[in-house]
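Residue-level listing of the chains:
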Amino acid sequence: MFAVTVQFQIRNGMFETFMPLMIENAKASLEGEPGCRQFDVCSDPDRLNEVFLYEIYDDAAAFQAHLKTPHFQAFDAQVAPMISEKSVATYAKVRS
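I will try to describe carefully the structure that is included in this document. Just so it is clear, the model here is predicted, and its values are computed rather than measured.

Criteria and cut-off values
Residues numbered from 1 in each chain as written. Predicted model: local features only at pLDDT ≥ 70, side-chain atom pairs only at ≥ 80, totals over all residues. Heavy atoms only, no water. 1 Å grid on protein atoms, 1.4 Å probe; cavity = no way out; pocket = protein on both sides within 12 Å on 5 of 7 lines; lining within 4 Å. Points joined across faces, edges and corners; volume = space filled by probe spheres on them. Helix = DSSP H or I, 4+ residues; strand = E, 2+ residues; numbered from the N terminus. Nonpolar A, V, L, I, M, F, W, Y, C, P; charged D, E, K, R; others polar. Pairing = 2+ DSSP bridges. Axes fitted to C-alpha atoms, helices over the stretch in contact; angles between N-to-C directions. Contact = heavy atoms within 4.5 Å. Phe/Tyr/Trp six-rings, centres within 6.5 Å; stacked < 30°, edge-to-face > 60°. Core = buried A, V, L, I, M, F, W, Y, C linked by side-chain atoms within 4.5 Å. Buried < 20%, exposed > 50% of the residue type's maximum accessible area, 1.4 Å probe, protein only.

## Observations concerning the layout of surface pockets
Size it by volume and the largest pocket reaches roughly 200 Å³. In this structure, the largest pocket is lined by 18 residues; those nearest its centre are Val6, Leu67, Phe72, Lys86 and Val88. For the lining of the largest pocket, the secondary structure elements donating two or more residues are strand S1 (2-10), helix H1 (15-32), strand S3 (47-57), helix H2 (60-67), helix H3 (70-79) and strand S4 (83-92). Within the lining of the largest pocket, the residues separate by chemical class into 12 nonpolar, 3 polar and 3 charged.

## What about the sheet that holds S3?
Taking strand neighbours across the sheet as the criterion, the 4 strands line up as S2-S3-S1-S4 in an open arrangement whose pairing is antiparallel. The sheet is open, and its two borders are formed by strand S2 (36-44) and S4, each paired with just one other strand. Mean inter-strand twist for the sheet, computed between neighbouring axes without regard to direction, equals 15°. Running at roughly 130° to S3, H2 makes contact with S1, S3 and S4 of the sheet.

## Concerning the packing of aromatic side chains
In total, this model carries 5 aromatic pairs according to the counting rule given. One aromatic cluster in this structure is built from Phe8, Phe18, Phe72 and Phe75.

## Description of the nonpolar core
Core analysis: the largest hydrophobic core is formed by 23 residues, its most contacted members being Phe8, Phe18 and Val51. Looking at this core, the elements with two or more residues in it are S1, H1, S2, S3, H2 and H3. With residues up to four places along the chain from it excluded, the contact list for Phe18 reads Phe8, Ile10, Val51, Phe75, Val79, Met82 and Ile83.

These figures come from the coordinates and say nothing about function on their own.
Below is the structure:
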C-alpha cells in the first residue's frame, strides 16, 4: 500500500470554496481510479486555513497515475490560487 498525506494552508476566506472541491476530487479518485483505496479530508473548525488530506493507493504507480487524471489536473489548477502553502509526504508499506 502507498499512503499520501497533504497539508494545505488555505488563503483567508477560501475555505468554503476549497473544501467542496477537495471532497469532490477525492471522491472522483476513489470512485474512478482502481488503485485508489481510501481517502479522508479533515480540518479543525477553529483553524479553517488548514486542511489535511490522507489517501491510500495500491502502490506508487497508482498515485502517479492519479496525478495525470483530468479530474485531478482540473482540481489542481482550480485550487492553486486558494492555497498559500502545500506539503506532501508519501509512505510506502510492503504487504506481508
